[in-house]
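The chain contents come next:
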Amino acid sequence: MTDTLILSRSDVTKLLTIEECIGAVEDALKMFAEGKVDPPKVLGLHASKGGVHIKAGAMTLNRSYIVAKMNSNFPGNPVKFNLPTIQGVIAVFDADNGALLALIDSIEITILRTGAATGIASKYLSKQRSETLTIFGCGNQGLVSFKAIAVSRNLKTVYLHDTMQSQAENLMKQITSLSKGIEALCVDDVKSAIKQSDIIVTCTPSRTPIVYLEDVAPGTFIAAVGCDSEEKSEIHPRLMSKCKVISDFTDQCAAFGDLHHAIEQGLVTKSHVHAELGQIIARQKTGRDNDREVIVFDSTGTAVQDVAAASIVYEKALSEGLGIRFDFQQ
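Participant: Would you mind going over the overall build of the chain with me for this structure?
Facilitator: Helix and strand counts for the chain come out as 12 helices and 15 strands. Since a compact globule built from 330 residues should have a radius of gyration of about 20 Å, the 19 Å found for the chain is in line with a globular shape. Projecting the C-alpha coordinates of the chain onto the three principal axes gives extents of approximately 60 × 40 × 40 Å. Counting over 330 residues, the chain shows a buried share of 54%. In the chain, 71% of the contacts between residues at least 6 apart in sequence involve partners at least 24 apart. As presented, the chain carries roughly 14400 Å² of accessible surface, and 51% of it is formed by carbon and sulfur atoms. Here the chain holds 33 positive side-chain charges and 38 negative ones, and the gap between their average locations is 4 Å.

Participant: Explain the packing of aromatic side chains to me, please; I cannot follow it from the model alone.
Facilitator: To describe a pair of aromatic rings, you give the distance between the ring centres and the angle between the ring planes. If you walk through the whole model with that rule in mind, you get three aromatic pairs. When the ring of Phe-32 is compared with that of Phe-249, the centres are 5.3 Å apart and the planes differ by 90°; the resulting orientation is edge-to-face. Residue Phe-32 is found in helix α2 (residues 18–33), and its partner Phe-249 is found in the loop between β12 (244–247) and α9 (250–256); the two are separated by 217 residues along the sequence. Across the pair, exposure class does not vary: Phe-32 and Phe-249 are buried alike. Seen from their ring centres, Tyr-65 and Tyr-314 are 6.3 Å apart, and the 85° between their planes marks the pair as edge-to-face. Here Tyr-314 lies in helix α12 (residues 303–320) and Tyr-65 lies in strand β4 (residues 64–73), a separation of 249 residues in the sequence. On the basis of relative accessibility, which here comes to 0%, the residue Tyr-65 falls in the buried class. Accessibility expressed as a relative area gives 6% for Tyr-314, which makes it buried.

Participant: What's the story with the environment of Ile-22 in this structure? I'm lost.
Facilitator: Note on placement: Ile-22 falls in helix α2. Given the relative accessible area of 12%, Ile-22 is considered buried. Between the C-alpha atom of Ile-22 and that of Lys-242, which follows or precedes it by 220 residues, the distance is 29 Å. Here Ile-22 is in contact with Ala-116, Ile-120, Ala-148 and Val-151, once residues within four sequence places are set aside.

Participant: Hey, could you run me through the sheet that holds strand β3 (residues 50–60) in this one?
Facilitator: Sheet strands line up and pair through hydrogen bonds in the backbone, either parallel or antiparallel. The strand order across the open sheet formed by seven strands is β2-β3-β4-β5-β6-β1-β15, and the pairing between neighbours is mixed. Single-partner strands in this sheet number two, and they are β2 (41–47) and β15 (324–326). Adjacent strand axes in the sheet meet at a mean angle of 15° when their direction is disregarded. On top of the sheet, helix α4 (residues 107–125) reaches β3, β4, β5 (86–94) and β6 (100–105); it is set at about 90° to β5, its chief contact.

Participant: Where do I start with a nonpolar patch on the surface in this structure?
Facilitator: Taken together, the side chains of Leu-43, Leu-45 and Val-52 make up a nonpolar region of the molecular surface, amounting to roughly 250 Å² of accessible area. Here Val-52 shows up in strand β3.

Participant: It is not clear to me how the state of the cysteines should be interpreted in this structure. Could you clarify?
Facilitator: By definition, a disulfide is the covalent link that joins the sulfur atoms of two cysteine residues. Applying the stated rule across the entire model yields zero disulfides. You can see Cys-21 has no disulfide; the closest cysteine sulfur is in Cys-203, sitting 16 Å from it. Of the cysteine sulfurs around Cys-227, a residue in no disulfide, the closest is that of Cys-253, at 8.8 Å.

Participant: Please clarify how the pairing of strand β7 (residues 132–136) should be interpreted in this entry.
Facilitator: Put simply, side chains in a regular strand alternate between the two faces of the sheet. Across the five residues of β7, five count as buried, placing the element largely inside the fold. Of the two faces of β7, the one carrying Thr-132, Thr-134 and Phe-136 and the one carrying Leu-133 and Ile-135 are both buried. Sheet analysis places β7 next to strand β8 (residues 157–161), joined by five bridges and oriented parallel. Bridge pairing links Phe-136 to His-161 in β8. Taken together, β7, helix α5 (residues 140–150) and β8 form a β-α-β motif whose crossover is right-handed. Note that β7 and strand β10 (residues 199–202) share four bridges and pair parallel. Directly across from Leu-133, in β10, lies its bridge partner Ile-199.

Participant: Explain the packing of α2 against α12 here, please?
Facilitator: Each pair of packed helices can be summarised by the angle the axes make with each other and by the distance between the axes. Two elements in contact, α2 and α12, have axes whose closest approach is 8 Å; the angle formed by their N-to-C orientations is 135°. Comparing the axis directions of α2 and α12 gives the class oblique. When you trace α2 past α12, the crossing you get is right-handed. Packed against α2, whose contacting residues are Glu-20, Cys-21, Ala-24, Val-25, Ala-28 and Leu-29, the element α12 presents Val-304, Gln-305, Ala-308, Ala-309, Ile-312 and Lys-316 at the interface. Tallied by class, residues from the contact of α2 with α12 come to nine nonpolar, one polar and two charged.

The rules we used
Residues numbered from 1 in each chain as written. Predicted model: local features only at pLDDT ≥ 70, side-chain atom pairs only at ≥ 80, totals over all residues. Heavy atoms only, no water. Helix = DSSP H or I, 4+ residues; strand = E, 2+ residues; numbered from the N terminus. Rg over C-alpha atoms; globule rule 2.2 N^0.38 Å. Buried < 20%, exposed > 50% of the residue type's maximum accessible area, 1.4 Å probe, protein only. Contact = heavy atoms within 4.5 Å. Areas by Shrake-Rupley, 256 points an atom, 1.4 Å probe, with all protein chains shown as cover. Lys, Arg positive; Asp, Glu negative; His and termini not counted. Charge placed at Lys NZ, Arg CZ, Asp CG, Glu CD. Phe/Tyr/Trp six-rings, centres within 6.5 Å; stacked < 30°, edge-to-face > 60°. Pairing = 2+ DSSP bridges. Axes fitted to C-alpha atoms, helices over the stretch in contact; angles between N-to-C directions. Patch = residues over 30% accessible without salt bridge, like charges linked within 9 Å, V, L, I, M, F, W, Y side chains within 5 Å. Salt bridge = Lys/Arg side-chain N within 4 Å of Asp/Glu carboxyl O. Disulfide = S-S within 2.5 Å. Right-handed = clockwise from strand over helix to strand, strands pointing away. Parallel < 35°, antiparallel > 145°, perpendicular 65-115°, else oblique. Left-handed = near helix turned anticlockwise from the far one by under 90°. Nonpolar A, V, L, I, M, F, W, Y, C, P; charged D, E, K, R; others polar.

Taken by themselves, the reported measurements are silent on function.
In structure tokens form, the structure reads like this:
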């Protein structure tokens, strides 16, 4: 059979939950740490208003897959063109014969697998009694980050900040409707919110740091999600140099994560990274050693996460009869 399954964003929404994605991504990161997965590859191309990157990886799960995700990232899209910041497609191949099994819209998978990594990192690296969360960047990624963290932490207060006030207000309404026992508040005084927070998530397109060393309280866990190119920066390099750093993939973080800026300024080297998240999951390295450590998870997003999520979507689509079949070889 040469048919390729084509799946839309709404198909992905029906097929993949954040809980499923957390389980799949956690397993995939552990496999990577155990040497059962080859290092993924990245290609990035820049344009004046954004860029395109390709992330590719291979894994043997229920079957052997090669997955390549091609995403454009244009931060000005929502305001200028009423389009998503991230748009793209995931190509799923059979690793045994190269057949193109599926083409899947990448937006929802990217949001879910990124949120899943944030939730996993929070489970292993935040204080167990963490109750207060601050989210910088209140779009879809902010909502999924909240959901993923709430899986393992009993949150009571969520502070929300976005350069677009309407985004923060919309997320506040969504969180309030989802979780009646959680107080969600839009804030302008970000330094005060940071100081009161057990967990901070940054998922913005910022090109200048938004979290500084002097503003962070002892014991804080920070998931730095937005830095996916050399131009972006969310965590001040001096904070990176003074805290415990956990990466998703150290070589990638050194190339274009928040770690990149600390290295570029000569404050740290790659050896400053305490562990990759998969090593902590696999119990090869320790995570949080005490309740006063400040820990940053430098999350640049890896192709092993995309393979794990896309494989679930593809296999469930087959079993449930979703998607459009198309023969590119006709």
